[in-house]
Amino acid sequence: MGNRVYTILLFFVLPGLGNLSLRAQESAPLVLTLENTIALAGDSSLEAFRSKNIYMSGYWEYRAFKAARLPSLTLNLTPGQYNRTIVKRYDSESNLDIYRPQQAFEAYGGLSVVQNFDLLGGTFFLNTNVDYLRNFGGNTYTQFSSVPVRIGYQQNLVGYNAFKWEKKIEPLKYEKAKKQLVSDLENTAGLAATCFFNLAMAQAEYDLAVENVGNTDTLYSIGEARYRIASISRSDLLTLKLDRINAVNSLKNADITLKRAAFALTSFLNMDKNTPVRLQLPGYPKTMEISAEKALEEARNNNPDLLGYRQNILEMQREVDRTQKESRFNASVSASVGFNQVAASVAEVYRDPLRQDILSLNVSVPLVDWGVRRGRHNMAKNNLNVTEITARQGEMKIEEDVIMTVGDFNIQKDLIASAEEALDIADDAYAETRRRFMIGKADISALTLSRQRQQAAMRNYISALENYWVSYYKIRKLTLYDFEYNMPLSTTVEVKLKTTYAR
């Protein structure tokens, strides 16, 4: 490609856009390649900030799940409670209910340790507490009540184990949250690439418009001179004048489009809107052919949507299990062994404690519920069927998207080379036609057509580059795999998550 083409294509300088401040105009422009544009988008854009916060929500949810598997220690305190009221009491001597004034001060303190038992879905507990009661009035007395230690276990007997299902679902949810963050960052990269090439196209259009204004002005001046010597007709002269007017109008429209594209890019990158930017167009990576089979394999392993389908199916299976077991009857058991004592002083309340045994069995049997529980179970089974069908449809859609995107990507490299060659030819053809027009060997129609072909070739080249890179980042988003370096994208993100996001 000639020097002129490289000058146009490799560096797109964003000129003063009218509304830029004087300081921004005087400062050196920020040079952006596609690579550092995407890096800025991943670090500073609002899209990336949103994605990272969504991940953090999933991270803390998983942390809460892990913490619930560990023993928890809780301190319960009621430092003081004073009651002065009139209450109804039964008087055994008169066999009547009578109202009596009552004044009392109470205090309570207790420690409890709870440990969930995932295998059976029950809960072990260990606690200790002490109560203080002081009654005022005609019959004043003080009492302490203590439970030095009590250990127990409570269990739902219907067979539904919520802890077992959480153990299956929560790690999968967290894995999906990590994959979703990587996918969202790749989506952000794709959006950044689109904004980048929109500005590159707008700058190319602007440069072409500026060049057209100069060319049409020059050609009109030549046309006037040739018209005076009757070398061209008045119709050709008017055509050249119309071309000059249209070129000026096109420049104004190109300037508006350029400003909008620049604003869109700087806004997406969360930068100062008055930042002058210079774009450097990318080429394409070293020869890289992506296999559809490899892409499908990585998509099945990494795509967060597929993990989401698995999560949805597990959640529906959990609901089927719960409604099935609760449709029979509800039963729970609670048992504890410990000690307690009552005394008038703290020293006595822990002396010779008495044995405390508690065993509780609760049963609830639905005799007549008009099919409510059975209906809930049947509804859960139908929802599971719908979820499985939806998941299969989603999997097929993702597989189709992967295959089509890989196919598009693999032909883009050839299209770029073809577009690059066409641009060289169109540039040389326009230069030759313009030279021939100036010496009177080509007419205005041939010149106009040649210029249009040159401009179309420029647009096609930039579009081919954009299609290549947008397809590349879409494949990365679908598979979460770096095919250039043959490694999962989550490998590098995992390190960053541990050192940055999960502090």
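Right above here is the structure, for reference.
These lines cover the structure that appears in this document, whether it is placed above or below. (Residues numbered from 1 in each chain as written. Predicted model: local features only at pLDDT ≥ 70, side-chain atom pairs only at ≥ 80, totals over all residues. Heavy atoms only, no water.)

1. What to know about the overall build of the protein
Counted only if it meets this: Each helix corresponds to a stretch of at least 4 residues labelled H or I by DSSP, and each strand to a stretch of at least 2 residues labelled E; elements are numbered beginning at the N terminus. Two things to know: the radius of gyration comes from C-alpha atoms, and the globule rule equals 2.2 Å times the number of residues to the power 0.38. For every residue, the accessible area (1.4 Å probe, protein chains only) is compared with the maximum for its type, and the residue is labelled buried under 20%, exposed over 50%, or partly exposed between those bounds. Residue contacts follow a heavy-atom distance rule, with two residues in contact if any of their heavy atoms lie within 4.5 Å. We get accessible surface area from the Shrake-Rupley algorithm with a probe of 1.4 Å; when it comes to residues, only the shown protein chains can shield them.
Counting secondary structure elements, the protein contains twelve helices and eleven strands. Relative to a compact globule of 503 residues, whose C-alpha radius of gyration would be 23 Å, the protein shows 39 Å and is clearly more extended. The principal-axis extents of the C-alpha atoms in the protein amount to approximately 140 × 55 × 45 Å. When burial is assessed residue by residue, the protein has 38% of its 503 residues classed as buried. Partitioning the intrachain contacts of the protein with sequence separation of at least 6 by distance along the chain shows that 77% fall at a separation of at least 24. Summed over its atoms, the accessible surface of the protein is roughly 28,200 Å², and 54% of this surface lies on carbon and sulfur atoms.

2. Considering the packing of aromatic side chains
Quick reminder of the rule: The aromatic pairing rule takes the rings of Phe, Tyr and Trp, using the six-membered ring of Trp, and pairs them if the centres are within 6.5 Å, calling planes under 30 degrees apart stacked, those over 60 edge-to-face and the rest tilted.
Using the criterion set out here, one finds 18 aromatic pairs in the structure. For the pair Phe-124 and Tyr-153, a centre-to-centre distance of 4.5 Å together with 45° between the ring planes defines the contact as tilted. Of the two residues, Phe-124 sits in strand β5 (residues 122-136) while Tyr-153 sits in strand β6 (residues 141-156), which places them 29 residues apart along the sequence. Summarising the aromatic geometry, the rings of Tyr-468 and Trp-469 are spaced 5.5 Å apart at their centres and angled 80° between planes, so their arrangement reads as edge-to-face.

3. Observations regarding helix α3 (residues 34-44)
Each α-helix turn comprises 3.6 residues. Residues three or four places apart therefore point the same way. Put simply, the rule reads: Our arc is simply the arc of the directions from the helix axis toward the C-beta atoms.
Among all positions in α3, only Leu-34, Thr-37, Ile-38 and Ala-41 are buried. Down the axis of α3, the buried side of the element spans an arc of 95°, and every buried residue falls inside it.

4. Quick word on the sheet that holds strand β4 (residues 96-117)
Our working rule: One requirement defines pairing of two strands: DSSP has to find at least two bridges between them. To obtain an axis, a line is fitted to C-alpha atoms, over the contacting stretch when the element is a helix, and the angle between two such axes runs from 0 to 180 degrees between their N-to-C directions.
Strand order across the open sheet formed by six strands is β3-β4-β5-β6-β8-β9, with antiparallel pairing between neighbours. The open sheet has two free edges, formed respectively by β3 (72-91) and β9 (354-364), since each of these has just one partner strand. On average, adjacent strands in this sheet sit at an angle of 20° to one another, irrespective of strand direction. When β3 meets β4, the two strands line up antiparallel, connected through 18 bridges. The residue bridging Ile-86 from the neighbouring strand is Pro-101, located in β4.

The values are spatial; any link to function lies outside them.
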